[in-house]
Structure formats: structure tokens, C-alpha cells
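# Inside the fold
Residue-level listing of the chains:
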Amino acid sequence: MVYENLWAAPFATVLRRGGAQLVASRRIPVPAVLAALDATE
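Residues numbered from 1 in each chain as written. Predicted model: local features only at pLDDT ≥ 70, side-chain atom pairs only at ≥ 80, totals over all residues. Heavy atoms only, no water.

## Things to note about the overall build of the protein
Along the protein, the regular secondary structure elements total two helices and zero strands. Projected onto the principal axes, the alpha-carbon positions of the protein cover approximately 45 × 20 × 10 Å. Looking at the protein as a whole, 0% of its 41 residues are labelled buried. (Helix = DSSP H or I, 4+ residues; strand = E, 2+ residues; numbered from the N terminus. Buried < 20%, exposed > 50% of the residue type's maximum accessible area, 1.4 Å probe, protein only.)

In C-alpha cells:
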């Protein structure tokens, strides 16, 4: 499964041009995704 937030790129560009800075970034761990998918079955 691949999920891409296409709206995020232009939004991030506008923020950066306005002086915004990234202060944190996280990814959902694969085991958490698999556990969530298993729970929906």
C-alpha cells in the first residue's frame, strides 16, 4: 500500500516561502500499519 498526500507539497512550499521551519517529522512504523490492517479484517 502506498499513500501520498499530493496536497502536501504545494502547502509545504507556501509554508517554506513564508519562513516556516520543520521542527519534527515522523513515519508510521511498518509493524503498526500491519497491525492496523490485521485489526480491520
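## Focus on the packing of aromatic side chains
One pass over the structure, following the stated rule, counts one aromatic pair. Measuring from centroid to centroid gives 5.9 Å for Trp7 and Phe11, while their planes differ by 55 degrees, and the two rings are tilted. (Phe/Tyr/Trp six-rings, centres within 6.5 Å; stacked < 30°, edge-to-face > 60°.)

## Quick look at the environment of Gln21
Relative to the elements of secondary structure, Gln21 occurs in the loop between α1 (8-17) and α2 (30-40). You can call Gln21 exposed: its relative accessible area is 71%. Sequence separation between Gln21 and Thr40 is 19 residues; the distance between their C-alpha atoms is 36 Å.

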